[in-house]
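# Structural characterization, general
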Amino acid sequence: DGGITQSPKYLFRKEGQNVTLSCEQNLNHDAMYWYRQDPGQGLRLIYYSQIVNDFQKGDIAEGYSVSREKKESFPLTVTSAQKNPTAFYLCASSNQGERETQYFGPGTRLLVL
Amino acid sequence: DAKTTQPPSMDCAEGRAANLPCNHSTISGNEYVYWYRQIHSQGPQYIIHGLKNNETNEMASLIITEDRKSSTLILPHATLRDTAVYYCIVSSSSGNTGKLIFGQGTTLQVKP
């Protein structure tokens, strides 16, 4: 089945630790996105990538980093510089000509110990 | 991107049509109206989008007013599984980023 997978479902981070969230898609989509969702709120864009080896900051990129070495993969690293990382993280992908029609993964819930 | 206004919550009886309104009075000519929904603790799901004509697919219908300042998403026969937060988003395809601005959405509760 085609789709987007995110792992792990739950992730715990200790103070000062970097953690990496995985996002993989087999939809052959060019564009991929990372969003953050806080309780009771809408989604906010962290980073996006329209093509392999290229990515741009979204609205809340501080404290996060990404890479896009393969078309299928767009991992997100939450660094120690992100002081309030507890949130629900969602990855999405879309076709080049239909960027606003995005397909989302199931999400990763990050909690700080 | 234009801002949207949606009621925070709505109820609907199972089997009846759910009509979810959205105001987007500052929408510009090249902006589309998109609808997504998010079931609790899951990723959002694309439902439908349109520019100015009414649209229908297997999930829902989208009615856009002639002046394009408002729209209504219609779920023709709501089921309990349609309970979710519904987001109305306006976005320009010419922006070239795919950035979607999710507001607070409407929480639809379908009741038996």
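Bear in mind that the values here come from a model prediction, so they are computed numbers and not experimental data.

Check the secondary structure of chain A and you find zero helices and eleven strands. Counted from the first residue to the last, chain A has its helices and strands arranged as β-β-β-β-β-β-β-β-β-β-β. For chain A, the spread of C-alpha atoms along the principal axes amounts to about 40 × 25 × 25 Å. Counting across all 113 residues of chain A, residues that qualify as buried make up 50%. Nonlocal contacts in chain A, meaning residues at least 24 apart in sequence, comprise 53% of its contacts between residues at least 6 apart. For chain A, the accessible area works out to roughly 5,400 Å², and carbon and sulfur atoms hold 47% of it. When the 12 positive and 12 negative side-chain charges of chain A are each reduced to one mean point, those points stand 8 Å apart.

Before going further, it helps to spend a moment on the state of the cysteines. All names here are of chain A. For the structure shown, the criterion picks out two disulfides over all chains. Paired through a disulfide, Cys23 and Cys91 show a sulfur-sulfur distance of 1.9 Å. Taking the torsion about the sulfur-sulfur bond, which here is approximately -75°, the covalent link between Cys23 and Cys91 counts as left-handed. Of this pair, Cys23 sits in strand 3 (residues 19-25) while Cys91 sits in strand 9 (residues 87-94); the two residues are 68 residues apart in sequence, bridging distant segments of the chain. Among the residues examined, Cys91 registers a relative accessible area of 0% and is labelled buried.

So, about the interface of chain A and chain B. Of the residues lining the interface, 21 residues belong to chain A; the matching set on chain B comes to 21 residues. Each partner contributes to the roughly 1,700 Å² buried at the junction of chain A and chain B, and carbon and sulfur atoms together form 47% of this total. Area buried by chain A at its contact with chain B is led by Leu43, Glu100 and Phe104 of chain A, which between them contribute 34% of it. Linking chain A with chain B are zero salt bridges. Along the contact surface separating chain A from chain B lie five residue pairs in polar contact (both at pLDDT 80 or more). In terms of residue count, the dominant contributor to the side of chain A that touches chain B is strand 5 (residues 43-51) of chain A (four residues). Classifying every residue of the side of chain A that touches chain B gives nine nonpolar, eight polar and four charged.

Reported here for the largest pocket is a volume of approximately 430 Å³. Around the largest pocket, the lining comprises 21 residues; the ones closest to its centre are Gln37, Asp38, Pro39 and Gly40 of chain A together with His40 of chain B. Contributing elements (two or more residues each) for the lining of the largest pocket: strand 9 and strand 11 (108-112) of chain A together with strand 8 (84-92) of chain B. Class assignment of the residues belonging to the lining of the largest pocket gives a composition of nine nonpolar, ten polar and two charged.

A few words now on the nonpolar core. Among the nonpolar cores identified, the biggest contains 21 residues, and Trp35, Leu73, Tyr86 and Leu108 of chain B are the most heavily contacted of them. Elements that contribute at least two residues to this core include exactly strand 2 (18-23), strand 3 (31-38), strand 4 (45-50), strand 6 (61-64), strand 7 (70-75), strand 8 and strand 9 (106-111) of chain B. The biggest single contributor to this core is strand 8 of chain B, with four residues. Leaving out residues up to four positions away in the same chain, Leu73 of chain B has contacts with Ala18, Asn19, Leu20, Trp35, Ile47, Ile48, Ala60, Ser61 and Tyr86 of chain B. Among the nonpolar cores identified, the runner-up in size contains 20 residues, and Trp34, Ile60, Phe74 and Cys91 of chain A belong to it.

Residues and elements named next belong to chain B. Read from one edge of the open sheet, four strands run 2-7-6-5, paired in antiparallel fashion. At either margin of the open sheet sits one strand with a lone partner, and together these are strand 2 and strand 5 (55-56). Of the strand pairs in this sheet, strand 6 and strand 7 are connected by four bridges, and their pairing is antiparallel. The residue of strand 7 that forms the bridge with Ile63 is Thr72.

Cut-offs used in this document
- As a convention, each chain's residues are numbered from 1 in the sequence order in which they are written.
- As a convention, the first chain written is A and the first ligand written is 1, with the rest following in written order.
- In keeping with the model being predicted, local features are shown solely for residues with a pLDDT of at least 70 and side-chain atom pairs are shown and tallied solely at 80 or more, while totals for entire chains, interfaces and linings include all residues.
- Only heavy atoms go into the side-chain values, all of them from the structure, while hydrogens and water stay out.
- A run of DSSP states H or I qualifies as a helix once it reaches four residues; a run of E qualifies as a strand once it reaches two. Both are numbered from the N-terminal end.
- For every residue, the accessible area (1.4 Å probe, protein chains only) is compared with the maximum for its type, and the residue is labelled buried under 20%, exposed over 50%, or partly exposed between those bounds.
- Residue contacts are defined here by distance: any two heavy atoms, one from each residue, within 4.5 Å place the two residues in contact.
- Accessible surface area values rest on a Shrake-Rupley calculation with a 1.4 Å probe, where residue burial reflects the displayed protein chains alone.
- A positive count includes Lys and Arg, and a negative count includes Asp and Glu. His and the chain ends are not counted in either.
- The atoms used to mark charge sites are NZ of Lys, CZ of Arg, CG of Asp and CD of Glu.
- Note on terminology: pairs of cysteine sulfur atoms within 2.5 Å are recorded as disulfides.
- Buried area: the accessible surface (1.4 Å probe) lost by two parts on joining, summed over both.
- We define a salt bridge as a side-chain nitrogen of Lys or Arg found within 4 Å of a carboxyl oxygen belonging to Asp or Glu.
- Pairing of N or O atoms within 3.5 Å defines a polar contact, subject to two protein rules: one partner must be a possible hydrogen donor and the other a possible acceptor, and residues neighboring in sequence count only if both atoms are side-chain atoms.
- Each residue gets one of three labels, nonpolar for Ala, Val, Leu, Ile, Met, Phe, Trp, Tyr, Cys and Pro, charged for Asp, Glu, Lys and Arg, and polar for the others, Gly among them.
- In this analysis the probe radius is 1.4 Å and the grid spacing 1 Å, with only protein atoms considered; a cavity is a set of points the probe fits into but cannot get out of, a pocket is an open set with protein on both sides within 12 Å along at least five of seven lines, and lining residues have an atom within 4 Å of a point.
- Grid points are joined across faces, edges and corners, and a volume is the space filled by probe spheres set on the points.
- Among buried residues, those of type Ala, Val, Leu, Ile, Met, Phe, Trp, Tyr and Cys that are joined through side-chain atoms within 4.5 Å constitute a nonpolar core.
- Two strands make a pair as long as DSSP finds a minimum of two bridges between them.

In short, shape yes, function no, at least from these values alone.
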